[in-house]
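The chain contents come next:
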Amino acid sequence: MIQKITLSFTKFLLLFSILIFAKSSTYAQNIVPDILTFDRICAGGITNPTYRASFTFTGYQAGTTFEVELSDKTGSFTNPTSTTTINVIDDAVNKKTIVFNVPSDLVGSDTYALRIKSSGGQPSSGSFASSTTKRLFPIYYKIHDQQYTINNFNGSAAICAGGSYVLSIDNVASNPDSPLKYSSISYNWFRYNGETTLPTLVQGNGGPEYTVTTPGTYYVETNYGTCTSQSYSNRVDVVSSSSGSGVTINSSLGNPFCASGAGTVLTATSGNSYVWKKDGTVITGATNRTYSTNESGVYTVEVDFGGCKATGSINLQSNGFDAAIDAEDGYKLSEGETINVTVTTDASAASYEWYLNNNIISGETGNSLVISVQGNYKVIISQAAGCVATKEFTFRINGDSGPSSVIPNIIRLSGMNPYWNIPDEYKNAATKVIIISSNGDKVLDVVNYQGDWPQNNVDFKNVNPVYYYVIQSDTGEKKGSITVLK
């Protein structure tokens, strides 16, 4: 008996030792990054160099993999990004070097950080430091690395006295090498000060346009921080002219304006020619002194006075309302099914009108509608207070008729679906649908029929009227009769 108790106690000690060792091994996992041999990453470009990050590790099982993880552009690892692993080098039993590159859609910044993460999700206890011991350093991907043009490759421009002139990067249509094809890029605009003086940064980390208000020589570079690149523009000499003046834009309905009818008329200062833009994009065909619009946005106009050009702008705002609808256009409604469609809006004193196949639905004046039949629907939202305006949404509800090709010969106006509906295979621009009354009158002659007949009252007299249909399609012609029941 004593010998059995001793053996059990020995097993207990062995089991306890194994558990302690396993627990201590779990907590002994550690990743220690080495000092990096670089202080910035300038990926992409012509050569697209790769980068190396070495680290030591302890406590990890065989087969564990590691990767270099990238912070967001502020140095935070709350939402990290994986880099692209090019190669993994085993330097020693507990030491590795990862050869990697950064994503091509990276938004460049001077405050990125890097760390190592294991395949089990365990990150390193600290992030990498550069050779200068800094843990935040510049990382850029040079997605565009060639010269491009501004100002339509025109090297000169004249600014009117008291006016301004907008320099802009030429788009892809006029310059296939334009960096505007990459939305992640920002730009640094400079004024050139000669060969012996450094240029002046007039707009850093900016957009593809710069408004010049003083004469000088200007150009733009793609913003890759301290990374060198070939992504820069031609220079433009902007001189001052005593002719012309500043440009103003007036809105006929004021600003904010009430968006309705033909809209407000924007009128620029009189000049020789005009180029209008909305939110930085040229408006095709807008070359007159005036421009009519119902849309909010930043509108600019470049006016050529003959001896100089000047630009004016207006941040046009509408005091109308916004609205949205949750209807799914083309939804297939099963037999006996109902769906609820709702409009949301910030309109003041909003009112609603609902239509089915262009006929108003009596009694439906709320912001939602319960739908039980197929057809073409429309809702008109009106704002009666303040800016009187309307918005309209249209959508179609289809029947879930499946692959059936049966053409109905009876419709009941008091039923769930008071319209003559045909299979979807006949609802197209290549198929003509003709309906003729018993008197020989043609009451319908359309292509792309949408299952919305009859839309007008049917004269029943003393009998249920009978109509005749002809469906002409690429596959042949079908004929038949339709009896209309109350």
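Residues numbered from 1 in each chain as written. Predicted model: local features only at pLDDT ≥ 70, side-chain atom pairs only at ≥ 80, totals over all residues. Heavy atoms only, no water.

Chemist: A description of the overall build of the protein should follow, citing residues and the corresponding values.
Modeler: Broken down by element type, the protein carries one helix and 37 strands. On C-alpha atoms alone, the protein measures out to a radius of gyration of 36 Å, which is more than a quarter above the 23 Å that the 2.2 N^0.38 rule sets for 486 residues. Dimensions of the protein, computed from C-alpha atoms along their principal axes, come out at roughly 110 × 105 × 50 Å. Residues classed as buried in the protein amount to 38% of the 486 residues present. Pairs at least 24 apart in sequence give 60% of the contacts found in the protein among residues at least 6 apart. Charge centroids of the protein, computed over 32 positive and 39 negative side chains, lie 7 Å from each other. (Helix = DSSP H or I, 4+ residues; strand = E, 2+ residues; numbered from the N terminus. Rg over C-alpha atoms; globule rule 2.2 N^0.38 Å. Buried < 20%, exposed > 50% of the residue type's maximum accessible area, 1.4 Å probe, protein only. Contact = heavy atoms within 4.5 Å. Lys, Arg positive; Asp, Glu negative; His and termini not counted. Charge placed at Lys NZ, Arg CZ, Asp CG, Glu CD.)

Chemist: I'd like a description of the packing of aromatic side chains, backed by residues and values.
Modeler: Taken as a whole and judged by the stated rule, the model has 16 aromatic pairs. Between the aromatic rings of Phe38 and Tyr51, the centroid separation amounts to 5.1 Å while the plane-to-plane angle is 70°, which identifies the pairing as edge-to-face. Here the residue Phe38 occupies a position in the loop between strand E1 (30–33) and strand E2 (41–44), and Tyr51 occupies one in strand E3 (residues 51–58), the gap between them amounting to 13 residues. Judged on exposure class, the residue Phe38 and its partner Tyr51 are both buried. Judged by centre distance (5.5 Å) and plane angle (20°), the rings of Phe190 and Tyr219 are stacked. Note that Phe190 is positioned in strand E13 (residues 187–192) and Tyr219 in strand E16 (residues 216–222), a separation of 29 residues in sequence. There is no split in this pair, since Phe190 and Tyr219 are both buried. (Phe/Tyr/Trp six-rings, centres within 6.5 Å; stacked < 30°, edge-to-face > 60°.)

Chemist: Before we move on, could you go through the pattern of salt bridges and cite the residues and values that matter?
Modeler: A full pass over the atoms with the stated rule returns 13 salt bridges. Between Glu69 and Arg115 there is a salt bridge, with the nearest N and O atoms lying 2.8 Å from each other. Here Arg115 lies in strand E9 (residues 114–118) and Glu69 lies in strand E4 (residues 66–70), a separation of 46 residues in the sequence. Like Arg115, Glu69 is buried. (Salt bridge = Lys/Arg side-chain N within 4 Å of Asp/Glu carboxyl O.)

Chemist: How would you summarise the state of the cysteines if you had to cite specific residues and measurements?
Modeler: Covalent bonding between the sulfur atoms of two cysteines is what defines a disulfide. Across all of its chains, the model carries two disulfides by this definition. Two residues, Cys42 and Cys227, share a disulfide whose sulfurs are 1.9 Å apart. Sign of the S-S torsion, about -85° for the bond between Cys42 and Cys227, identifies this disulfide as left-handed. Here the residue Cys42 occupies a position in strand E2, and Cys227 occupies one in the loop between E16 and strand E17 (236–241), the gap between them amounting to 185 residues. Residue class for Cys227 comes out buried when judged on its relative accessible area of 8%. Across the disulfide, Cys160 is cross-linked to Cys308 (sulfur-sulfur distance 2.1 Å). Residues Cys160 and Cys308 share a disulfide whose torsion about the S-S bond is about 100°; that sign makes it right-handed. Separated by 148 residues along the polypeptide, Cys160 in strand E11 (residues 156–160) and Cys308 in the loop between strand E23 (297–304) and strand E24 (309–316) bring together distant segments of the chain. With relative accessibility at 2%, the residue Cys160 sits in the buried group. (Disulfide = S-S within 2.5 Å.)

Chemist: I'd like a rundown of the sheet that holds strand E18 (residues 249–251), residues and numbers included.
Modeler: Reading across the sheet, the three strands line up as E18-E19-E22 and stay open at both edges, with antiparallel pairing between neighbours. Every other strand in the sheet has two partners, leaving E18 and strand E22 (290–293) as the edge strands with one partner each. The mean inter-strand angle of the sheet, taken between neighbouring strand axes irrespective of direction, is 20°. Where strand E19 (residues 264–268) and E22 come together, four bridges link them in antiparallel fashion. Pairing of Leu266 across the sheet is with Tyr291, part of E22. (Pairing = 2+ DSSP bridges. Axes fitted to C-alpha atoms, helices over the stretch in contact; angles between N-to-C directions.)

Chemist: Report on the sheet that holds strand E29 (residues 359–360), specifying residues and quantitative values.
Modeler: Across the sheet, which stays open at both edges, the five strands sit in the order E26-E32-E31-E28-E29 with mixed pairing between neighbours. Edge positions in the sheet fall to strand E26 (331–333) and E29, since each of these pairs with one other strand and no more. Pairing analysis gives seven bridges linking strand E28 (residues 350–356) to strand E31 (residues 375–383), with the strands arranged antiparallel. The partner of Ala350 across the bridge, within E31, is Gln383.

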